[in-house]
Amino acid sequence: MSSNSELDRRLLRRTQETFATDVALIASEFLAGLQDVKRIDRPAVSIFGSARVAEGSATYEAARETARLFAEAGLGIVTGGGPGVMEAANRGAKEAGGLSVGFNIVLPHEQGLNPYCDISRTFKHFYVRKVMFVKAAEGFVIFPGGFGTMDELYESLTLIQTGKIGTFPVVLFDRDYWDEMLDWIREEMLADGLVSPGDLDLLYVTDEPGEAVERIVTKMPSRLEEGTV
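Residues numbered from 1 in each chain as written. Predicted model: local features only at pLDDT ≥ 70, side-chain atom pairs only at ≥ 80, totals over all residues. Heavy atoms only, no water.

## Focus on helix α3 (residues 58-72)
Along an α-helix, residues three or four apart share an orientation, since each turn contains 3.6 residues.
Alright, step 1. In this model, α3 (15 residues) spans 21 Å end to end at C-alpha, consistent with the 21 Å of a helix rising 1.5 Å per residue.
Alright, step 2. The first or second residue beyond α3 is G74, which carries a positive phi of 95°. (Helix = DSSP H or I, 4+ residues; strand = E, 2+ residues; numbered from the N terminus. Expected span 1.5 Å × (residues − 1).)

## Re the side chain of R64
Alright, step 1. Among the structural elements, R64 can be located in helix α3.
Alright, step 2. Only 3.4 Å separates the side chain of R64 from the side chain of E61, close enough to count as a polar contact. (Polar contact = N/O pair within 3.5 Å; in protein donor to acceptor, adjacent residues only side chain to side chain.)

## Some thoughts on the pattern of salt bridges
If the charged atoms of two oppositely charged side chains come close together, the side chains can form a pair.
Alright, step 1. Counted by the stated rule, this structure contains 14 salt bridges.
Alright, step 2. Taking the shortest distance from any N to any O, the salt bridge between R91 and E55 comes out at 2.9 Å. Taken together, the positions of R91 in helix α4 (residues 85-95) and E55 in the loop between β1 (44-48) and α3 put the pair 36 residues apart, joining distant regions of the chain.
Alright, step 3. Overall, the relative accessible area of 12% leaves R91 in the buried class.
Alright, step 4. K94 is the salt-bridge partner of D118, the closest N and O atoms lying 2.2 Å from each other. (Salt bridge = Lys/Arg side-chain N within 4 Å of Asp/Glu carboxyl O. Buried < 20%, exposed > 50% of the residue type's maximum accessible area, 1.4 Å probe, protein only.)

## Let's talk about the sheet that holds β1
Alright, step 1. Taken in spatial order, the 7 strands of this open sheet run β4-β3-β2-β1-β5-β6-β7, and their pairing is parallel. At either end of the open sheet lies a strand with only one pairing partner, and these are β4 (119-123) and β7 (203-206). This sheet shows a mean twist of 20° between the axes of neighbouring strands, independent of strand direction.
Alright, step 2. Note that strand β3 (residues 100-105) and β4 share 5 bridges and pair parallel. Considered in β4, the bridge of G102 is made with S120.
Alright, step 3. Each of β5 (140-142), β6 (170-173) and β7 is contacted by helix α7 (residues 175-190), which is oriented at about 115° to β6, the strand it contacts most. (Pairing = 2+ DSSP bridges. Axes fitted to C-alpha atoms, helices over the stretch in contact; angles between N-to-C directions. Contact = heavy atoms within 4.5 Å.)

## Things to note about the nonpolar core
Alright, step 1. If you look at the biggest cluster of nonpolar residues, it comprises 36 residues, and the most contacted ones within it are L153 and L172.
Alright, step 2. Examining the composition of this core, we find that 5 residues originate from one element, helix α5 (residues 126-136), more than from any other.
Alright, step 3. In contact with L153, not counting residues within four places along its chain, are I142, V170, L172, W178, M181 and L203.
Alright, step 4. Among the nonpolar cores identified, the runner-up in size contains 22 residues, and V45, V85, A93 and V141 belong to it. (Core = buried A, V, L, I, M, F, W, Y, C linked by side-chain atoms within 4.5 Å.)

## What about the packing of aromatic side chains?
Alright, step 1. Inspection of every chain in the model, using the stated rule, returns 7 aromatic pairs.
Alright, step 2. Aromatic ring contacts, followed pair by pair, group F48, F103, F123, F133, F140 and F168 into a single cluster. (Phe/Tyr/Trp six-rings, centres within 6.5 Å; stacked < 30°, edge-to-face > 60°.)

Next up, the structure:
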């Protein structure tokens, strides 16, 4: 089975006929994902974080508790469907009787779907999957993670900054983990005029699951009124 990067490289050197076939396959993946999003019958929040954190760790249990509180508040939980923070969030939602959604991804080293998902799909392309995270959710909660988590964080900030989506609360969980990055943004990006002072207001940092939930829930009405959901 070819890797996603190999498929993307082939797209650049295909004939018109085979190019159209590959584009149709990508389009079908978008369609299937959007149909899954339509099945989410309530407002939802996307929760991100490392696949490498273990059950019982502070990060795992915080994600589990945060998702539980969201579910009790009537929101669905959307994750990348894998292990670590993703599993914890889907698990917390499931334990609270909420709706748990996992949008997984095919990787060279298999990332299996966790067993706590009511709605699930495994995508071949990251860019299709990331669209579903935004389409499905009223906001993001970002737990500590690596490159993939950073990608999801900066993708959301770019969409807000450029007006591609409306009011979209982004909560960073774990001050100790995120403070150095925020300091760097202030001392480098902001100081050099590469971002605006208001851009920093897009991010909200907390160590409390209840505070993360309150931040998303209180921002939801304005976004719903804007008709940007």
